[in-house]
Every structure is written in structure tokens, then in C-alpha cells.
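# Close look at the chain arrangement
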Amino acid sequence: MLAAGSIIRGVATSPRVIALLSGGLDSALACALTQRLGFDVVGLNLATGFCVGQGRCETVLALGQRLGVPVRLLDVASDYIPIVRAPKHGYGSAMNPCLDCRIFMVGKAREVMREEGAAFVVTGEVLGQRPMSQHRRALDLVAEESGLGERLVRPLSGRLLGPTFPERMGWVRRQDWLDIQGRSRKRQLALAQAWGLGEFRQPSGGCCLLLEKTYACRVRDAFRHKGKEALTAEDFALLRYGRHFRLSPAAKVVVGRDEQENAVLGGFAHGRWLLSFPEVPGPLAVVEGNPSPEELELAAALAARYSDAPREGPVKVRLARNDEAEEIMVIPFDPADPRIKLWMLGE
Ligand code: SF4
């Protein structure tokens, strides 16, 4: 392998390369290796709207600093939703459209490659690491359907895959790539340590909401009751927060689990019923759909189960939607009421 800062053979200025950076170990290593081979690397991170956790942008920017590469952050959420609604290659074990997702992301990287005048794109994909999107046929399909072909390079498994554009140009030799395959992360961790890349979070499938069973259950319910095409980015965002209960085809209740979630749910009030407790500490709840008066009362009693109101006594609940508002008295649900489990989505 060439050393850091090497001059690429036969090239006066280093060709530019786009490296997809997720913030995880594999994409960081692919980026670092490409850089060590002497290329001028620009990191690219795509925000789909389905990433888990806060502060992802900061994590990726900090990683870019550690690697010494500039990073472009691109919000692709609105273009990504059609992929979640109807993936051509289907879903994985939850609602994760991994193959379509990879094709989409690499396609976006191709657009940035053109904008930046870059020569090729690198990703951290490893042959055989993920059953749905990283077997040999899937890797070839992503290269083909993204339109990148041999300009899509997977440096971590490059020796095991087909020839690439930079090899054809004589910029690198085949043995400059690595031959990592499979699910073990041992070699990657050793390399990260050897190259001084610092600590990485454990990639146990915990980075994508679409992989989570609870979230997937809520998405399926929303597809069924609201319709795939009608679901907006806001609807998908609301599926992240609170406890969700499907009362009927026309009514769903979302109950905040803590102060932070209550504050977030307040932002989803437009066009929905907002339930609150003016006289006792309690959650904020949102009711979606077209609930009947009886369903609104049920929703209020259900939300009251998570308030500090005494179980036996009536409690006041404020119902508000746009300009309408009223207050009603309800008896909180008994926590052992079997309907609670029946209605709950995905927990
Ligand atoms: S786990 Fe999520 S982000 Fe990763 S490829 Fe699959 S759908 Fe895309």
C-alpha cells in the first residue's frame, strides 16, 4: 500500500474523490484508505430523515476533522420518502429498503461527484457484511442501477471485486485495495487503531429507524390507515415519538413519555387534536384522524392513565384543535385494562 501523502503515478494533481461518510467505522476507513493513496477526498453525508439519535451532523463533521477531509452535509429527506413508500427491491426484516436505499445514496453521490468534478465515489461497503445489501450481486446491482458502474469503489473489499476506474487509469494497483469480507469487524478495528482514527460507536443495526421493529410497526399501520401516498415527512417524523395507540381506523393517539417528548409533540398540533392536563401533571397527547366524540373521550382517558391523576377520581382534560377547544372530565384507564395492549403499536 502507498503511504500517506503519496503522489499518484502519472498525475500532476490528485484526482478528487467523493467518500460517502455515515459516521461509522467502515466508511471512515474507506475514506482514510483513499486519502492515504494520495487522492483529494471530499466527504459526503446524506440525511434521509430516518437516522437514529441526535447530533449526527456534529459526529460526521468531527469525523471529517479527524480524517482531515472537508464534509458536505446534504438533506435528501424529501427525495428519500418515495423509496420508503415503494422500494423496487423490497424491504428487509423490518421496513428497511436497504438495496434501494444504497442505490439512492450512491446515485446522490454521483450527482455530487459531477458537481465537484470528482473522478469516482468510494463507500465503506464490505462484501458479505449485510445479508440484504452487501452480497456480491447486490453490490453489482448498486453499481449498475446508480449509474456509477466502475466509478463506484469499495476500497475495503476492492481486491475481491471487479476492476475499478482508478485501476484502469493506472492511479492505483489492485493490491492497494483491501480484501476484507464478512461480518467480523476485527480487521477494521485494528486498522482504525493503527491509523489513529479514534473511537467508533458499535454498528449493531442501531443507526437506522427503518430497521427498528417498533418504528416499522407504526409505519405499516400508517400505510394501512392513512395511505402510503398521503404520508408526509411530518407524519414519518411523528412516528418517532411517544407511545402510539390505534383506537380505530379513524383515530390514533400518541402519548408523550417524558417532558422532552411532550415538548416535541406540541409541534405536531396543527390539524390534530392536542390533549393536555390543566390541573395535574400529565403527558401531552396528540390524536390523529377523524375521531368521534366517544373516541376523543377514550383517548383522553387513555392519556390520563399516564398522568398523576388519582385512578378512582375524574380528571380534567383539555382538548384543542386549531381554533376549537373544550374541557371534559374522564376517569383514567386502569393500567391493567387489556385494551391498552391491544391498541398499542409495536411495543
Ligand atoms: S439500514 Fe437504513 S440507512 Fe442502512 S441501507 Fe438499510 S435502509 Fe439504508
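Predicted model only: the values in this text are computed from it and were never measured. (Residues numbered from 1 in each chain as written. Predicted model: local features only at pLDDT ≥ 70, side-chain atom pairs only at ≥ 80, totals over all residues. Heavy atoms only, no water.)

### Overview of the domain arrangement of the protein chain
What counts is decided by this rule: As used throughout, domain bounds are those supplied by an automatic or database domain assignment.
Segmenting the protein chain into domains produces domain 1 (16–209) and domain 2 (241–343). Placing the centre of domain 1 and that of domain 2 at their C-alpha centroids yields a distance of 43 Å.

### Here we look at the sheet that holds strand β5 (residues 152–153)
Strand-to-strand pairing in sheets goes through backbone hydrogen bonds, with the strands running parallel or antiparallel. Which entries qualify depends on this criterion: By the convention used here, strands pair only if DSSP detects at least 2 bridges between them. Helix numbers and strand numbers start at the N terminus; a helix is a DSSP run of H or I with at least 4 residues, a strand a run of E with at least 2.
The strand order β3-β2-β1-β4-β5 describes an open sheet built from five strands, whose pairing is parallel. At either margin of the open sheet sits one strand with a lone partner, and together these are β3 (71–75) and β5. By the bridge criterion, two bridges tie strand β4 (residues 120–122) to β5 in an arrangement that is parallel. Of the residues in β5, the one forming a bridge with V122 is V153.

### Describing the sheet that holds strand β9 (residues 285–289)
Heads up, the condition is: Orientation is described by lines fitted to C-alpha atoms, with helices fitted over the stretch in contact, and by angles between N-to-C directions that extend from 0 to 180 degrees.
Strand order in the open sheet formed by six strands is β6-β7-β9-β8-β10-β11, with antiparallel pairing between adjacent strands. Looking along the sheet, the strands with just one partner apiece sit at the ends: β6 (243–248) and β11 (324–330). Strand-to-strand, the axes of this sheet are offset by a mean angle of 20°, without reference to chain direction. As paired strands, strand β8 (residues 273–276) and strand β10 (residues 315–321) are joined by three bridges and run antiparallel to one another. Each residue of the ladder has a partner; that of L274, found in β10, is A320.

### Quick look at the packing of aromatic side chains
In plain terms, the rule: Within 6.5 Å between ring centres, the rings of Phe, Tyr and Trp (the latter by its six-membered ring) count as paired, and their orientation is classed by plane angle as stacked under 30 degrees, edge-to-face over 60, tilted in between. Each residue's exposure class comes from its accessible area (1.4 Å probe, protein chains only) as a fraction of the maximum for that residue type: buried when under 20%, exposed when over 50%, partly exposed otherwise. Our definition puts a charge over a ring when NZ of Lys or CZ of Arg is within 6 Å of the ring centre and also within 35 degrees of the ring normal.
This structure, assessed with the given rule, holds ten aromatic pairs. A ring pair is formed by F333 and W343, whose centres lie 5.8 Å apart and whose planes are at 50°; its orientation type is tilted. Placement of F333 in the loop between β11 and α12 (338–343) and of W343 in helix α12 is noted, with a sequence separation of ten residues between them. The exposure class assigned to W343 is buried, which follows from its relative accessible area of 10%. One aromatic cluster is present, built from ring pairs that chain together F50, Y80, F104, Y215 and F236. The ring of F200 has R66 sitting right over it, with the charged end atom 5.4 Å from the ring centre.

### A few points about the packing of helix α4 (residues 98–116) against helix α5 (residues 136–145)
Rules: Between 65 and 115 degrees an angle is taken as roughly perpendicular, under 35 as roughly parallel, over 145 as roughly antiparallel, and anywhere else as oblique. What makes a crossing left-handed is the near helix being turned counterclockwise from the far one by less than a right angle; a clockwise turn instead makes it right-handed. Throughout, a contact is declared for two residues whenever any of their heavy atoms are within 4.5 Å. Under the convention adopted here, Pro, Cys and the residues Ala, Val, Leu, Ile, Met, Phe, Trp and Tyr are nonpolar, Asp, Glu, Lys and Arg are charged, and Gly plus all remaining residues are polar.
Contact geometry for α4 and α5: axes closest at 9 Å, N-to-C directions at 40°. On the basis of the axis angle, α4 is oblique to α5. Our pair here, α4 against α5, has a crossing hand that is right-handed. Side by side, α4 and α5 meet where L99, R102, I103 and V106 of the first sit next to A138, L141, V142 and E145 of the second. Per-class residue counts for the contact of α4 with α5 are six nonpolar, no polar and two charged.

### What to know about the pattern of salt bridges
As a reminder of what qualifies: Salt bridge, as used here: a side-chain nitrogen of Lys or Arg that lies within 4 Å of a carboxyl oxygen of Asp or Glu.
Scanning the model with the defined rule gives 27 salt bridges in all. Here R16 and E116 are joined by a salt bridge, their closest N and O atoms 3.0 Å apart. Residue R16 is found in strand β1 (residues 16–20), and its partner E116 is found in helix α4; the two are separated by 100 residues along the sequence. Put simply, K226, E234, D235, K252, R272 and E288 are held in one network by salt bridges that share partners.

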